[in-house]
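# Working through the structure, step by step
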Amino acid sequence: GDSVTQMEGPVTLSEEAFLTINCTYTATGYPSLFWYVQYPGEGLQLLLKATKADDKGSNKGFEATYRKETTSFHLEKGSVQVSDSAVYFCALLMSKSTFGDGTTLTVKP
Amino acid sequence: GAVVSQHPSRVICKSGTSVKIECRSLDFQATTMFWYRQFPKKSLMLMATSNEGSKATYEQGVEKDKFLINHASLTLSTLTVTSAHPEDSSFYICSAGAPGTGELFFGEGSRLTVL
């Protein structure tokens, strides 16, 4: 079946550091790919998405590129802020959604 | 973007009682909604797919008699946890696919605590 593998956390960075959270997937067919963010005690919010190969999703300084050849959708941000501290989920969508295990990011001042 | 709303956001109940959680799509019609369960510091586990006007499709290992799902209209799905026990305490989240967008929109989540 479909699966998503995310980089294990937790990840702790200093403010203004560069962030990469790795995500790879397996799927039969061509899924849509997503990154969601979850702040403490809240539901999931869509951060960005890409629906086909070579698409780049971007939002709030975060970017991820749909790489079909490496079946990857790594999340990057050039300069993180304390307010970016949250749990990040990579997900794919075919007939139903499949989520990675989540990566907890803590950004320290 | 599309809005999905859950109610209640928090509920505390006694062991043995039943609890209903509602999931509404506020500005679009959703023929399919999804229910997830999230354990602390864990990912979302898909419990079932709720289909408007028909029976829900449950994932393997999910007790359909314990987690009753009803999708009576194009904007409302409900999850009823029957005869709740402390091990049912969790964060329950619903989502719905907005037609034509190719993406899922999530509710705010409902935290259930069973005493």
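Before any of the text, the structure's been laid out above.
Analysis parameters
- Residues numbered from 1 in each chain as written.
- Chains lettered and ligands numbered in written order.
- Predicted model: local features only at pLDDT ≥ 70, side-chain atom pairs only at ≥ 80, totals over all residues.
- Heavy atoms only, no water.
- Disulfide = S-S within 2.5 Å.
- Helix = DSSP H or I, 4+ residues; strand = E, 2+ residues; numbered from the N terminus.
- Buried < 20%, exposed > 50% of the residue type's maximum accessible area, 1.4 Å probe, protein only.
- Contact = heavy atoms within 4.5 Å.
- Buried area = accessible area lost by both parts, 1.4 Å probe.
- Salt bridge = Lys/Arg side-chain N within 4 Å of Asp/Glu carboxyl O.
- Nonpolar A, V, L, I, M, F, W, Y, C, P; charged D, E, K, R; others polar.
- Core = buried A, V, L, I, M, F, W, Y, C linked by side-chain atoms within 4.5 Å.
- Pairing = 2+ DSSP bridges.
- Polar contact = N/O pair within 3.5 Å; in protein donor to acceptor, adjacent residues only side chain to side chain.

### Remarks on the state of the cysteines
Residues and elements named next belong to chain A. Scanning all chains against the criterion turns up two disulfides over all chains. In this model cysteine 23 forms its disulfide with cysteine 90; the gap between the sulfur atoms is 1.9 Å. Its torsion about the S-S bond being -70 degrees, the disulfide of cysteine 23 and cysteine 90 is classed as left-handed. Residue cysteine 23 is located in strand 4 (residues 23-26), and its partner cysteine 90 is located in strand 10 (residues 86-93); the two are separated by 67 residues in the primary sequence. Cysteine 23 gets classed as buried once you look at its relative accessible area, which sits at 1%.

### So, the interface of chain B and chain A
On the side of chain A, 18 residues touch chain B, which itself brings 17 residues to the contact. Both sides together, the interface formed by chain B and chain A hides about 1300 Å², and carbon and sulfur atoms give 55% of it. The three residues of chain B that bury the most area against chain A are Ser43, Glu103 and Phe106 of chain B, which together make up 32% of that side's buried surface. At the boundary of chain B and chain A, one finds zero salt bridges. Breaking the side of chain B that touches chain A down by element, the ones donating at least two residues are strand 4 (32-38), strand 5 (44-51), strand 9 (90-98) and strand 10 (103-106) of chain B. Residue composition of the side of chain B that touches chain A, grouped by class: eight nonpolar, five polar and four charged.

### Considerations on the nonpolar core
Residue and element names in this part refer to chain B. Formed by 26 residues in total, the largest nonpolar core has its most connected members in Val4, Trp35, Phe67, Leu79, Tyr92 and Leu112. Of all the elements in the fold, those that place two or more residues in this core are strand 2 (10-13), strand 3 (19-25), strand 4, strand 5, strand 7 (67-73), strand 8 (76-81), strand 9 and strand 11 (110-114). With four residues, the top contributor of residues to this core is strand 9. Among all residues touching leucine 112, those that are not within four sequence positions of it are Val11, Cys13, Val19, Val81, Asp88, Ser89, Ser90 and Tyr92.

### A word on the pairing of strand 7 (residues 56-59) of chain A
Residue and element names in this part refer to chain A. In this sheet, strand 8 (residues 62-65) lies alongside strand 7 in antiparallel orientation, the contact comprising four bridges. Looking across to strand 8, one finds that lysine 56 is bridged to threonine 65. From the end of strand 7 to the start of strand 8, which pair antiparallel, there are two residues, and lysine 60 there has a positive phi angle of about 55 degrees.

### What to know about the side chain of glutamine 6 of chain B
All names here are of chain B. Structurally, the position occupied by glutamine 6 is in strand 1 (residues 4-7). We classify glutamine 6 as buried; its relative accessible area is 6%. Side-chain polar atoms of glutamine 6 contact the backbone nitrogen of glycine 109, separated by 3.1 Å. Side-chain polar atoms of glutamine 6 contact the side chain of serine 110, separated by 3.0 Å. What glutamine 6 contacts, discounting residues up to four positions off in sequence, is Ile21, Glu22, Cys23, Trp35, Tyr92, Ile93, Cys94, Gly107, Glu108, Gly109 and Ser110.

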